[in-house]
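Notes for the structure review
Here's the letter readout for the chains.
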Amino acid sequence: MPTDIDALRLLLREFVQEREWERFHEPKDLALAISIESGELSEHFLWKSIDEARDYVKKEGNAAKIVEEIADVMIYSLNLVNALERITGKPIDVGNAIYEKIEKNAKKYPATLYKNKARLDKP
Ligand SMILES: [Mg+2]
């Protein structure tokens, strides 16, 4: 089973091509699908307190259901990358984009300033 992000993206490209679904995979619809799946993910936590949400996560089978929604979000995200690549005709290295974003965030939120802080207090 491939776990490398590009291998997963290629697997999804084949999945879509085999079904001739490219015509349905417009960036607009894939962006909406990501949002909808993100909503399904959020639904697991809606109206629960922090403690209730933690109890829900610990309950047998619920973490797997949440991970399934995370997988849906990631699948549609990779399908969107494939659609962007297909439409622009330019290769996209999404793995590298993630690395670059992590590096950018590391510079934006240096550990020396942000350790144990979600935000800095304004002067
Ligand atoms: Mg779903």
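Refer to the structure above for everything that follows.
The structure displayed is predicted, hence computed values, not measured ones.

Here the focus is the overall build of the protein. Counting its regular elements, the protein contains 6 helices and 0 strands. When its helices and strands are written in sequence order, the protein yields α-α-α-α-α-α. If you line up the protein on its principal axes, its C-alpha atoms span 50 × 40 × 30 Å. In the protein, which comprises 123 residues, the share counted as buried stands at 20%. Contacts spanning at least 24 positions in sequence make up 66% of the contacts within the protein whose residues lie at least 6 apart.

So, on to unusual backbone geometry. Even without being glycine, Trp47 reaches a positive phi, approximately 65°. One can find Trp47 in the loop between α2 (27–43) and α3 (50–58). Residue class for Trp47 comes out exposed when judged on its relative accessible area of 77%. Phi at Asn116 takes a positive value of approximately 65°, unusual for a residue other than glycine. Relative to the helices and strands, Asn116 resides in the segment after α6 (111–114).

Tallied over the full model, the rule gives 6 salt bridges. Here Arg13 ties to Glu85 by a salt bridge, and the two come within 2.7 Å at their closest N and O atoms. In this pair, Arg13 sits in helix α1 (residues 5–18) while Glu85 sits in helix α4 (residues 62–88), placing the two residues 72 residues apart along the sequence. A residue is classified by how much of its surface remains accessible, and Arg13, at 28% relative accessible area, is partly exposed. A salt bridge links Arg19 to Glu18, with the shortest nitrogen-to-oxygen separation between them at 3.4 Å. A single network of salt bridges, built from pairs that share partners, joins Asp6, Arg9, Arg13 and Glu85.

On to the packing of aromatic side chains. Applying the stated criterion across every chain, the model contains 2 aromatic pairs. For the pair Phe15 and Trp21, a centre-to-centre distance of 5.6 Å together with 70° between the ring planes defines the contact as edge-to-face. In this structure Phe15 comes out as partly exposed when scored by relative accessible area, which is 36%. Taking relative accessible area as the criterion, Trp21 reaches 34% and is therefore assigned partly exposed. Ring centres of Tyr109 and Tyr114 lie 5.1 Å apart, and the angle between their planes is 90°; this geometry places the pair in the edge-to-face category. In this structure Tyr109 comes out as partly exposed when scored by relative accessible area, which is 39%.

Proteins that are soluble and globular tend to have nonpolar side chains buried together. Formed by Leu30, Ile34, Val73, Leu80 and Ala83, the largest nonpolar core amounts to 5 residues. For this core, the element with the most residues is α4, which contributes 3 residues. Aside from chain neighbours lying at most four places away, what touches Leu30 is His25, Tyr76, Asn79, Leu80 and Ala83.

So, about the coordination of the magnesium ion. Coordination of the magnesium ion by the protein comes from Glu37 (OE), Glu40 (OE), Glu69 (OE) and Asp72 (OD), over a distance range of 2.0 to 2.2 Å. Within one chain, the residues donating to the magnesium ion are spaced in sequence as E-x2-E-x28-E-x2-D. Of this pair, Glu40 sits in helix α2 while Glu69 sits in helix α4, placing them 29 residues apart in sequence. You can call Glu40 partly exposed: its relative accessible area is 29%.

Basis of the calculations
Counting restarts for each chain, with residues numbered from 1 along the sequence as it is written. The predicted origin of the model limits local features to residues at a pLDDT of at least 70 and limits the giving and counting of side-chain atom pairs to 80 or more, whereas totals for whole chains, interfaces and linings rest on all residues. Hydrogen atoms and water are omitted, and side-chain values are computed over all heavy atoms in the structure. Strands here mean DSSP runs of E at least two residues long; helices mean DSSP runs of H or I at least four residues long; both are numbered from the N terminus. Burial here depends on accessible area, computed with a 1.4 Å probe over protein chains only, as a share of the maximum for the residue type. Under 20% is buried, over 50% is exposed, and the range in between is partly exposed. Contacts: residue pairs with any heavy atoms within 4.5 Å of one another. Any carboxyl oxygen of Asp or Glu that lies within 4 Å of a side-chain nitrogen of Lys or Arg is treated as forming a salt bridge with it. Each aromatic pair joins two rings of Phe, Tyr and Trp (for Trp, the six-membered one) with centres within 6.5 Å, and gets the label stacked for planes under 30 degrees apart, edge-to-face for over 60, and tilted for any other angle. In this description, a nonpolar core means a group of buried Ala, Val, Leu, Ile, Met, Phe, Trp, Tyr and Cys residues linked to one another through side-chain atoms lying within 4.5 Å. The donor set covers N, O and S atoms within 2.8 Å of the metal, switching to 3.2 Å for Na, K and Ca, and it leaves out water, so a site may look short of donors.

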